[in-house]
Amino acid sequence: MGIFSRTRDIIAANVTDLLDKAEDPAKMIRMIILEMEETLVEVRASAARTIADQKEMRRHIAKLEKLQESWTEKAELALSKNREDLAKAALLERQKAVDMCDQLNAEIAVLDDTLRAAEEDINKLQTKLREARTRQNSIVTRLETAHNRFRMRDLYAGSKVTDAFSRFEVMERRADMAEGRAEAAGLGGSPKTLEEEIAELKSNDKVEAELAALKARIGKEG
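Thresholds, definitions, all that
Residues numbered from 1 in each chain as written. Predicted model: local features only at pLDDT ≥ 70, side-chain atom pairs only at ≥ 80, totals over all residues. Heavy atoms only, no water. Helix = DSSP H or I, 4+ residues; strand = E, 2+ residues; numbered from the N terminus. Buried < 20%, exposed > 50% of the residue type's maximum accessible area, 1.4 Å probe, protein only. Contact = heavy atoms within 4.5 Å. Salt bridge = Lys/Arg side-chain N within 4 Å of Asp/Glu carboxyl O. Core = buried A, V, L, I, M, F, W, Y, C linked by side-chain atoms within 4.5 Å. Patch = residues over 30% accessible without salt bridge, like charges linked within 9 Å, V, L, I, M, F, W, Y side chains within 5 Å. Areas by Shrake-Rupley, 256 points an atom, 1.4 Å probe, with all protein chains shown as cover. pLDDT = per-residue confidence, 0-100.

1. Some remarks on the overall build of the chain
Assigned secondary structure in the chain consists of six helices and zero strands. Put simply, the chain runs from its N terminus to its C terminus through helices and strands in the order α-α-α-α-α-α. Counting only residues that meet the buried cut, the chain has 21% of its 222 residues in that class. Of all intrachain contacts in the chain linking residues separated by at least 6 positions in sequence, the fraction that spans at least 24 positions is 78%.

Below is the structure:
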């Protein structure tokens, strides 16, 4: 059972409403596109048959026009021989061919209207099909995005991430220990050189001298 009755229903259909009401939008859009494609093929096949019918009719009209010319010539010949009865009969046959041509031309005109309607339907069906395919791409993208987001949430909330962060913490602790050992090795400084010890003595002498001078000044002031 199809979603649409056929061409008219497809053209009038609101694809968005159909998808909003569908339990499985992805499946629904595939069905819609398939039915649109099948209908488009049918409409084109029908148009092809109409065109073929018109061609056959035009060939028949061409034969009838030649037949008209033939009966006209026969009527003229009969009159030239004073056979008015035969001329009249020939003209009657010619009129039958004329009437048949008129009927075929009328049918071709009707088929022309049918072809114009078919062309309009084909254009509208193609527009609807493009709309449906665009919606299909959008739905597929949204479903893939949602699936990826679910996978990422599952990944972050799962045991794998917990285990990974636990391993990170262990590695960080090892790095802290290594850095601590390096810093501890530098505590107390390195042994002073001879020049550094002499410079320190000179600095101490200056400090002692300044301290003695300060004491002497305070004693005088007192």
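2. Overview of the side chain of Thr-50
By the element assignment, Thr-50 lies in helix α3 (residues 25-80). Non-local contacts of Thr-50, meaning those with residues more than four positions away in its chain, are made with Leu-111, Thr-114 and Leu-115.

3. Side note on the pattern of salt bridges
One pass over the full model with this rule turns up six salt bridges. A salt bridge links Glu-93 to Lys-96, with the shortest nitrogen-to-oxygen separation between them at 3.3 Å. Residue Glu-93 and its partner Lys-96 are both found in helix α4 (residues 84-157); the two are separated by three residues, about one turn of the helix. Owing to a relative accessible area of 30%, Glu-93 belongs among the partly exposed residues under this scheme. Between Arg-116 and Asp-113 there is a salt bridge, with its nearest N and O atoms 2.1 Å apart. Of the two residues, Arg-116 and Asp-113 are both situated in helix α4; the distance of three residues between them amounts to about one turn of the helix. Accessibility expressed as a relative area gives 44% for Asp-113, which makes it partly exposed.

4. Details of the nonpolar core
Within the largest apolar cluster, 22 residues are counted, with the highest numbers of intra-cluster contacts made by Val-15, Leu-19, Ile-29, Ile-32, Met-36 and Ala-132. Breaking this core down by element, the ones donating at least two residues are α2 (15-21), α3 and α4. For Met-36, the residues in contact, after removing those within four places along its chain, are Ile-10, Val-15, Lys-128, Leu-129 and Ala-132. Judged by nonpolar contacts, the second largest core, of eight residues, contains Ala-97, Cys-101, Leu-104 and Leu-111.

5. Quick word on a nonpolar patch on the surface
Where nonpolar side chains cluster on the molecular surface, the patch consists of Leu-211, Leu-214 and Ile-218 and spans about 250 Å² of accessible area. Inspection of the secondary structure assignment puts Leu-211 in helix α6 (residues 194-221).

6. Quick look at the confidence of the model for the chain
Considering every residue of the chain, the mean pLDDT works out to 82; 77% of them sit at 70 or more. Confidence, expressed as mean pLDDT per element, reaches its minimum in the chain at helix α5 (residues 159-185) with 65 and its maximum at α3 with 93.

7. Describing unusual backbone geometry
Not every positive phi belongs to a glycine, and Asn-82 is a case in point at roughly 65°. Secondary-structure assignment places Asn-82 in the loop between α3 and α4. Judged by its relative accessible area of 69%, Asn-82 falls in the exposed class.

8. Let's talk about the environment of Arg-30
You can see Arg-30 is positioned in helix α3. Expressed as a C-alpha distance, the spacing of Arg-30 and Arg-133, which sit 103 residues apart in the sequence, is 8.9 Å.

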